[in-house]
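One letter stands for each residue in the lines below.
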Amino acid sequence: MEYKINEALNRGIEAQKNGNLQDAERFYRAILKSLPTHPHANHNLGILAASLGKFETALPLLKKALETSPKVEQFWFSYANILIKANKIEAAKKVIREAVDYGIDKEKLYILETEITKTND
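Residues numbered from 1 in each chain as written. Predicted model: local features only at pLDDT ≥ 70, side-chain atom pairs only at ≥ 80, totals over all residues. Heavy atoms only, no water.

(A) Geometry of the nonpolar core. If you look at the biggest cluster of nonpolar residues, it comprises 25 residues, and the most contacted ones within it are Y79, L109 and L112. Among the elements of the structure, helix 3 (39-51), helix 4 (55-68), helix 5 (73-85), helix 6 (89-102) and helix 7 (106-120) are those that each provide at least two residues to this core. The biggest single contributor to this core is helix 5, with eight residues. With sequence-adjacent residues up to four places away left out, Y79 is seen in contact with L59, L62, K63, L66 and V95. Counting residues in each nonpolar core, the second largest holds 13 residues, with F27, Y28, I31 and L32 among its members. (Core = buried A, V, L, I, M, F, W, Y, C linked by side-chain atoms within 4.5 Å. Buried < 20%, exposed > 50% of the residue type's maximum accessible area, 1.4 Å probe, protein only. Helix = DSSP H or I, 4+ residues; strand = E, 2+ residues; numbered from the N terminus. Contact = heavy atoms within 4.5 Å.)

(B) A look at the packing of aromatic side chains. Evaluated as defined, the whole model comprises one aromatic pair. Positioned above the aromatic ring of F27 is the side chain of R26, whose terminal nitrogen or guanidinium carbon lies 4.9 Å from the ring centre. (Phe/Tyr/Trp six-rings, centres within 6.5 Å; stacked < 30°, edge-to-face > 60°. Lys NZ or Arg CZ within 6 Å of the ring centre and 35° of its normal.)

(C) Structural view of the packing of helix 4 against helix 5. Axis separation between helix 4 and helix 5 bottoms out at 9 Å; the angle between their running directions is 155°. Here helix 4 lies roughly antiparallel to helix 5, going by the angle between them. Viewed along their axes, helix 4 and helix 5 form a crossing whose handedness is left-handed. Within the contact between the two elements, helix 4 uses F55, A58, L59, L62, K63, A65 and L66 and helix 5 uses F75, W76, S78, Y79, I82, L83 and K85. Residues that form the contact of helix 4 with helix 5 fall into these classes: 11 nonpolar, one polar and two charged. (Axes fitted to C-alpha atoms, helices over the stretch in contact; angles between N-to-C directions. Parallel < 35°, antiparallel > 145°, perpendicular 65-115°, else oblique. Left-handed = near helix turned anticlockwise from the far one by under 90°. Nonpolar A, V, L, I, M, F, W, Y, C, P; charged D, E, K, R; others polar.)

This is the structure we're talking about:
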C-alpha cells in the first residue's frame, strides 16, 4: 500500500507541476480517502486549492498537514502564508509565533512578517 500511495503522490505532484490540476486533485484525494492524515497529500491539495483562491478549503488541509508533521518547515510557511492571503492576520501571527516556539528559524519567518506588514498598509 505504501508504494501505491507514494506513486499516487508523485503522480499528483507531476500533474500539479504540469498544470493538470484536476488530475492532481484526483490523486491527492485518492490518497486522503485511504489515509486521511497523509501530510504531503493534505499540504499539496491545500496549496492547489489556495492557488485557485479557495482559501477556506485550503486552510484545514494545510493545518492538518502541519499538525501531522510539525517538523516539516514548509508546512509552517504554507499555512501562515495562506492565512495571510485569506486576511486572517491574527491567526497568521499566532502561527508564526508558534513556529518560532517550535524552533523554526526566525530569520526565515521574517518574510512572512513582511507580508503581514504589507497587508496592513
